[in-house]
Amino acid sequence: MTIFKTENDRSTEDKLALAQIVEIVTGGDMPLRFTAYDGSAAGPEDSPYGLHLASPKGATYIATAPGDLGMARAYISGELQAKGVHPGNPYELLASLGDLHFERPPARILAQIARSLGTELLKPIAPPPQEHLPRWRRIAEGLRHSKSRDAEVIHHHYDVSNEFYEYVLGPSMTYTCAVFESENQSLEDAQENKYRLVFEKLRLKPGDRLLDIGCGWGGMVRYAARRGVKALGVTLSKEQAEWAQKAIAEEGLSDLAEVRHSDYRDVPEEGFDAISSIGLTEHIGVANYPAYFRFLHGKLRVGGLLLNHCITRPTNNTRAKAGGFIDRYVFPDGELTGSGRIITEAQNIGFEVMHEENLREHYALTLKGWCEYLEKHWQACVAEVGEGTARLWGLYMAGSRLGFERNVVQLHQVLAVKLGDDKKPQTPLRPWWVA
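Read on for a plain summary of the structure. (Residues numbered from 1 in each chain as written. Predicted model: local features only at pLDDT ≥ 70, side-chain atom pairs only at ≥ 80, totals over all residues. Heavy atoms only, no water.)

Considering the nonpolar core
Threshold: Only buried residues count toward a nonpolar core. Its members are Ala, Val, Leu, Ile, Met, Phe, Trp, Tyr and Cys residues joined through side-chain atoms within 4.5 Å. Each residue is placed in one exposure class: buried if its accessible area under a 1.4 Å probe, protein chains only, is under 20% of its type's maximum, exposed if it is over 50%, and partly exposed if it falls in between. Helix and strand definitions follow DSSP, with helices as H or I runs of at least four residues and strands as E runs of at least two, each counted in order from the N terminus. Each domain's extent is set by a domain assignment, obtained either automatically or from a database. Every residue pair with non-hydrogen atoms within 4.5 Å of one another is taken to be in contact.
If you look at the biggest cluster of nonpolar residues, it comprises 103 residues, and the most contacted ones within it are Tyr175, Leu202, Leu210, Phe325, Trp370, Trp393 and Met397. Among the elements that line this core, the one with the most residues is helix 17 (residues 387-405), at 9 residues. When residues of this core are sorted by domain, at least three fall in each of domain 1 (18-117) and domain 2 (148-418). Contacts of methionine 397, omitting those with residues within four sequence positions, involve Val168, Leu367, Trp370, Cys371 and Leu374.

A short note on the packing of aromatic side chains
Put simply, the rule reads: Whether two aromatic rings pair depends on their centres lying within 6.5 Å, for rings of Phe, Tyr and Trp, where Trp uses its six-membered ring; planes under 30 degrees apart make the pair stacked, over 60 edge-to-face, and the rest tilted.
Taken as a whole and judged by the stated rule, the model has 20 aromatic pairs. Summarising the aromatic geometry, the rings of tyrosine 264 and phenylalanine 295 are spaced 5.5 Å apart at their centres and angled 80° between planes, so their arrangement reads as edge-to-face. Placement of the pair is tyrosine 264 in the loop between strand 7 (257-261) and strand 8 (272-278) and phenylalanine 295 in helix 12 (residues 289-299), with a sequence separation of 31 residues. Ring centres of tyrosine 292 and phenylalanine 293 lie 4.8 Å apart, and the angle between their planes is 70°; on these two criteria the pair is classed as edge-to-face. Comparing tyrosine 292 with phenylalanine 293, the two get one shared label, buried. Ring-pair connections join several aromatic residues into one group, and the members of that group are Phe164, Tyr165, Tyr175, Trp217, Phe331, Tyr363, Trp370, Trp393, Tyr396 and Phe404.

Re unusual backbone geometry
Unlike most non-glycine residues, asparagine 407 shows phi in positive territory, near 65°. For asparagine 407, a relative accessible area of 31% translates into the label partly exposed.

Some remarks on the sheet that holds strand 4 (residues 80-83)
Whether parallel or antiparallel, the strands of a sheet pair through hydrogen bonds between backbone atoms. Rules: Strands are treated as partners if at least two bridges between them are detected by DSSP.
Pairing in this open sheet of 4 strands is mixed, and the strands run 2-1-3-4 from one edge to the other. With partners counted over all chains shown, the strands left at the sheet margins are strand 2 (41-42) and strand 4, one partner each. The pairing of strand 1 (residues 33-36) with strand 3 (residues 50-53) spans 4 bridges and is parallel. Looking at the pairing, threonine 35 lines up with histidine 52 of strand 3.

What about helix 9 (residues 187-201)?
Convention followed: For a helix, the expected span equals 1.5 Å multiplied by the number of residues minus one.
Taking 1.5 Å of rise per residue, 15 residues should cover 21 Å, and helix 9 covers 21 Å from first to last C-alpha, within 8% of that figure. The buried count for helix 9 comes to 11 of 15 residues, which makes it a mostly enclosed element. Taken as a whole, helix 9 has its buried residues at Leu187, Ala190, Gln191, Asn193, Lys194, Tyr195, Arg196, Leu197, Val198, Phe199 and Lys201. Following helix 9 by one or two positions, arginine 203 adopts a phi angle in the positive range, close to 55°.

Re the sheet that holds strand 13 (residues 410-418)
Operational definition: Simply put, an axis is a line fit to the C-alpha atoms, just over the touching stretch for a helix, and the angle between two N-to-C directions goes from 0 to 180 degrees.
Pairing is mixed across the open sheet formed by 7 strands, whose spatial order is 7-6-5-8-9-13-12. The sheet is open, and its two edges are formed by strand 7 and strand 12 (351-358), each paired on a single side. Geometrically, the sheet is characterised by an average inter-axis angle of 15° between neighbouring strands, direction not taken into account. Helix 11 (residues 238-250) rests against strand 6 (230-235) and strand 7 of the sheet, and its axis sits at about 160° to strand 7.

The values are spatial; any link to function lies outside them.
Okay, structure coming up:
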């Protein structure tokens, strides 16, 4: 039931309360409690979770950017407040929303909503400072997926603060999907298990040369170097490269391991025994897959192996750009497609695909662990990056967890080999790694 303040002036009796507007645009099926600064409320009174719209500024954000972008602006700025959950881990609240969707009311009702909100609330205002430029501005200021523009969007996401990432990711400093032996395995052990799996799939041994592109803080590079592999990692994030080089030196691995602040396309070395790409493909753009796989093919020796680990869509018939929230706050220029498209593009330039597997459920567990770290270290994270950015990360990671659980997105590892003229893959007849 909706409640709202009684107006003394009955000339405004057609004015809708904010909760009434919410009920209209959600089809009257609010699964949790909604309250607003005008005193109105909607949804079940006994719900353990709720949303409170705290100010006209929050209403403006939602009204002027309908959908997830407006809601995110209001939430990140603190004008839309979550009840019953921690801001670092709002998973339960998001899950309780279920299949809630927004409906476009008839023109007459839209006009009534506009009159109820008033002209002041419908004037766009500056978004929170965490928001990246809109897509059209990015297009105007640089060619999509050019080296300079890729460096800018990577800086936007990854150069938040190494200290912040240490709090959220934990000791492994690994910002990619872990591989769990069971749901009860610790996140750190699961991340170590992921590196072990990649290492074994690539058949690496002491003396081999590994190229790890989009290497993050160098976790794969250091794992390989500890086992006698000469490993080169590249990242577009200066802060990541500096952190990784320090970690390499502290472990005494400088004779085997290196992480460069560089675009992977600028790596001059060739003849690598193996290449790992863990979480990079999402950033390069589907149209650039042929050039991407052609470049990697050219960097491998004959018989060399490629392990491509990336987020995908569950279908191959679309090339999906990120939604408003993800595009403006998390991964500008991000673009996903199905694992079939990944495999096709690799095959088209000459790779033979040996194996692929879906780790969708593992990424949901990984995100669960990151949210728990953020919640545990909330005060330190807020002190490091500000409450708005900390809220953003809680919202993004909890929402992403739901996406993996509901099969909106997946995570696939694709293993491929570079064939020689004799077309022999130079690998055992059956899988040689421990799953």
